[in-house]
Amino acid sequence: MPALAAFVVGLLAVASCTPGDTGTTENPPSTSLEASARAVDLDAGWTWDRRSGPMELGVTHTQNSLDDTEPAEARQRGVDILSNLGEEYQNHHLMGFGTLNPEPSPGEFEWGSLDRRMELTEETGGKAMLTLCCSPDWMKGGPPGVTSWERIEMAPLPEYFRDYANLAREAVQRYPQVDRVLVWNELKGFYNEEENRWDYEGYTAFYNEVYQAVKSVRPDILVGGPYVVMSSLPVDSPDASDIRGPWGALDQRPLDVIEYWLENNVGADFMVVDGATTNRGQQDAISPVDVGAEKFSVIDRWIQERTQLPIWWAEFYANVPADSEAGFGTEASAVSTLAVIQAMARSGTQGALLWGPEGSESLDYSSLWSPATEPDGGQPTPLTDAWRWLVPKMRDGDVELGRAQGDSTLAAFRTADGSVLMMNLAAEPVAVPGQEDIPGWAIIPMDNSA
């Protein structure tokens, strides 16, 4: 999965939500569409699972994310959206993905860019999280004082593991608002090409150094790893495991990482993974999209058989079927994202981070506002209102997860007070007797006051 992949999203443009529509709107769902949703009997022909315990939803800021260089009005619109999402985690990288080299030469620190990202989190009322990746060039054998961004995905050399751990120690002391850290990102640079497997021994040695350094000065902080990509493959691949579904087979290599890391780490507070609804190199999802999303539940349950550590998805990639349009402004990507969240919630995920809350034209995933690099940017997307609906309710944990049975492609989240978030998981409309059809890829929020 590309390391720089980002998520892009949309507001609930359900009043005009038709397959392939990329427009956005700030208007609520039409009365007739909400009437159609309310006419659906959520007990007859539906199955419901209750979410047990809280699930945190958050975002990871990437290269462009409400920076001071963006047009002021566009940036402010994005800030307003982020501020109205509730107290959610905002994750930042120590280096890269929008932040500069924090230690260009040994012992010489430059925190300005990360300071600004932390200020954004404070400004918008979020909670701060830090991914301890990536590393200065001199830790990879390069000259001090030089930053070669083409080397960003290289891991520190083993002789510099302690230096990186010291940098991590400095960071968590500088930012006391950070209460959770992820150690590294997708095992970048930790691959054994000769043996065609991850260098889980090297990564775990690195993780242990970082864990001990962080805990030595911040015993309160929560530390997680191994942040491995839980890829899947065609079932006939030589690297396929025996864990299979309609989406293919899980790749055996990341499973080996987890089992080694669980046995050999010196401590951990939570488990970190990432993944996509489709197989490696494949972009077209199965329809309805909850079939592919079920992979996340399968992975959660496999992990839960091996550890009681809480599971966090640092990145999750929700693809759309071949006949639907993907992107930050499409309903298909927004609904696919919601399907993944529902699958995670059903299997006990404790946290999930949306990669890239600011949309990008180059990435086919959902986000929370359109590119604020453009003067007319910072606009809500088809996911925005749904995310706002979910954040506090999932954190409270009092949510039921519903799926219509039979030929219907409807799914829903429901709270005890009667609030409902309904979505159509496919491009085809769903007929409602006596009402308008519910369009393909519709997202319909309904509170209990209507």
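Use the structure listed above.
For clarity, every value in this text was computed on a predicted model and none was experimentally measured.

Novice: Any chance you could explain the packing of aromatic side chains here in plain terms?
Specialist: The geometry of an aromatic ring pair comes down to the distance between the two centres and the angle between the two planes. This structure, assessed with the given rule, holds 22 aromatic pairs. Between Phe161 and Phe206, the ring centres sit 5.2 Å apart and the planes meet at 70°, which makes this aromatic pair edge-to-face. Of the two residues, Phe161 sits in helix α4 (residues 161-174) while Phe206 sits in helix α5 (residues 200-217), which places them 45 residues apart along the sequence. Each member of the pair, Phe161 together with Phe206, is buried. Here Tyr164 and Phe206 contribute two aromatic rings whose centre-to-centre distance is 5.3 Å and whose plane-to-plane angle is 45°, an arrangement assigned as tilted. Separated by 42 residues along the polypeptide, Tyr164 in helix α4 and Phe206 in helix α5 bring together distant segments of the chain.

Novice: What's the story with the packing of α5 against helix α6 (residues 252-264) in this structure? I'm lost.
Specialist: When two helices pack together, their arrangement is captured by the angle between the axes and the distance separating the axes. Between α5 and α6, the least distance of the axes is 10 Å, while the angle of their chain directions is 40°. Taken together, the axes of α5 and α6 lie oblique to each other. The two elements α5 and α6 meet at a crossing, and its hand is right-handed. Two secondary-structure elements touch here, α5 through Tyr200, Glu201, Tyr203, Thr204, Tyr207 and Asn208 and α6 through Asp256, Val257, Tyr260, Trp261 and Asn264. Of the residues in the contact of α5 with α6, the class split is six nonpolar, three polar and two charged.

Novice: Which parts of the structure should I look at to understand the pattern of salt bridges?
Specialist: Pairing is possible between side chains that carry opposite charge, provided their charged atoms lie close to one another. Tallied over the entire structure, the rule returns 27 salt bridges. Here Arg75 ties to Glu123 by a salt bridge, and the two come within 3.5 Å at their closest N and O atoms. Here Glu123 lies in helix α3 (residues 112-123) and Arg75 lies in helix α2 (residues 72-83), a separation of 48 residues in the sequence. Judged by relative accessible area, which is 15%, Arg75 ranks as buried. Looking at Glu123, the relative accessible area reads 44%, which means it is partly exposed. A salt bridge links Glu195 to Arg197; the shortest N-O distance between them is 2.9 Å. Looking at Glu195, the relative accessible area reads 49%, which means it is partly exposed.

Novice: Could you clarify how one ought to interpret the sheet that holds strand β3 (residues 89-93) in this entry?
Specialist: In any sheet, the strands associate via hydrogen bonds between backbone groups, in a parallel or an antiparallel arrangement. Strand order in the closed barrel formed by eight strands is β2-β3-β4-β5-β8-β12-β13-β14, with parallel pairing between adjacent strands. Ignoring strand direction, the axes of neighbouring strands in this sheet form an average angle of 30°. Bridge count for β3 against strand β4 (residues 127-132) is five bridges, and the pairing is parallel. The partner of Asn91 across the bridge, within β4, is Met129. Each of β12 (270-276) and β13 (311-317) is contacted by helix α7 (residues 290-304), which is oriented at about 155° to β13, the strand it contacts most. Together, β2 (56-60), β13 and β14 (351-355) form the strand contacts of helix α8 (residues 331-346), whose direction differs from that of β13 by roughly 160°.

Here is what the cut-offs are and how they apply
- Residues numbered from 1 in each chain as written.
- Predicted model: local features only at pLDDT ≥ 70, side-chain atom pairs only at ≥ 80, totals over all residues.
- Heavy atoms only, no water.
- Phe/Tyr/Trp six-rings, centres within 6.5 Å; stacked < 30°, edge-to-face > 60°.
- Helix = DSSP H or I, 4+ residues; strand = E, 2+ residues; numbered from the N terminus.
- Buried < 20%, exposed > 50% of the residue type's maximum accessible area, 1.4 Å probe, protein only.
- Axes fitted to C-alpha atoms, helices over the stretch in contact; angles between N-to-C directions.
- Parallel < 35°, antiparallel > 145°, perpendicular 65-115°, else oblique.
- Left-handed = near helix turned anticlockwise from the far one by under 90°.
- Contact = heavy atoms within 4.5 Å.
- Nonpolar A, V, L, I, M, F, W, Y, C, P; charged D, E, K, R; others polar.
- Salt bridge = Lys/Arg side-chain N within 4 Å of Asp/Glu carboxyl O.
- Pairing = 2+ DSSP bridges.

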